[in-house]
Amino acid sequence: MSGSAGGRAEKDLQHKAPRRAADPTHYVRDVTFGEDASQVRTGTAPQVLACLRNLVIGALSRAGPVNTAAALRHHSRDPRRPLATLGITSP
């Protein structure tokens, strides 16, 4: 009997675990990009925006371990910086 109660308590703890433990990019998308507060709800726009957010997170992650919010601020100051991060140079 105690074995089933212990298993049930463990299952309850797993159920209550923060979502970011299962999907770390969700935490970044929600906190840094404000995804949950987005009011875009029609058509395929939510999926397209999520894809673009994932693209940005992936590109910044490939550039090295970074603080995503700080990297976004850094790249927003000069339009050439995101292109340089992607390996695109201007002629």
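Structural data are supplied above this passage.
Residues numbered from 1 in each chain as written. Predicted model: local features only at pLDDT ≥ 70, side-chain atom pairs only at ≥ 80, totals over all residues. Heavy atoms only, no water.

A. How the structure looks around the pattern of salt bridges. Under the defined criterion, the tally for this structure stands at 3 salt bridges. Where Glu35 meets Arg29, a salt bridge forms, and the shortest distance between an N and an O atom there is 3.1 Å. Neither Glu35 nor Arg29 differs from the other in exposure class; each is buried. Across the pair Arg80 and Asp78 runs a salt bridge whose closest N-O atoms are separated by 3.3 Å. We classify Arg80 as exposed; its relative accessible area is 57%. For Asp78, a relative accessible area of 17% translates into the label buried. What emerges from the salt-bridge pattern is a single network uniting Arg29, Glu35 and Arg53. (Salt bridge = Lys/Arg side-chain N within 4 Å of Asp/Glu carboxyl O. Buried < 20%, exposed > 50% of the residue type's maximum accessible area, 1.4 Å probe, protein only.)

B. How the structure looks around a nonpolar patch on the surface. Taken together, the side chains of Val48, Leu52 and Leu55 define a hydrophobic patch exposed on the protein surface, amounting to about 280 Å² of accessible area. Note on placement: Leu55 falls in helix α4 (residues 45-62). For Leu55, a relative accessible area of 56% corresponds to the exposed category. (Patch = residues over 30% accessible without salt bridge, like charges linked within 9 Å, V, L, I, M, F, W, Y side chains within 5 Å. Areas by Shrake-Rupley, 256 points an atom, 1.4 Å probe, with all protein chains shown as cover. Helix = DSSP H or I, 4+ residues; strand = E, 2+ residues; numbered from the N terminus.)

C. Here's a closer look at the packing of helix α3 (residues 24-33) against helix α5 (residues 68-76). One way to put it is that α3 packs onto α5 with a least axis distance of 10 Å and a crossing angle of 50°. Compared by their axis directions, α3 and α5 come out oblique. Of the two possible hands of crossing, α3 and α5 adopt the one that is right-handed. Residues Val28, Thr32 and Phe33 of α3 touch α5, and the partners they reach there are Thr68, Ala69 and Leu72. Residues belonging to the contact of α3 with α5 are distributed by class as follows: 4 nonpolar, 2 polar and no charged. (Axes fitted to C-alpha atoms, helices over the stretch in contact; angles between N-to-C directions. Parallel < 35°, antiparallel > 145°, perpendicular 65-115°, else oblique. Left-handed = near helix turned anticlockwise from the far one by under 90°. Contact = heavy atoms within 4.5 Å. Nonpolar A, V, L, I, M, F, W, Y, C, P; charged D, E, K, R; others polar.)

D. Molecular detail of the packing of α3 against α4. Relative to each other, α3 and α4 sit at 105°, their axes nearing to 11 Å. Taken together, the axes of α3 and α4 lie roughly perpendicular to each other. Residue-level inspection shows Thr25, Val28, Arg29 and Phe33 of α3 in contact with α4, the latter providing Arg53, Asn54, Val56 and Ile57. Of the residues that constitute the contact of α3 with α4, the class distribution is 4 nonpolar, 2 polar and 2 charged.

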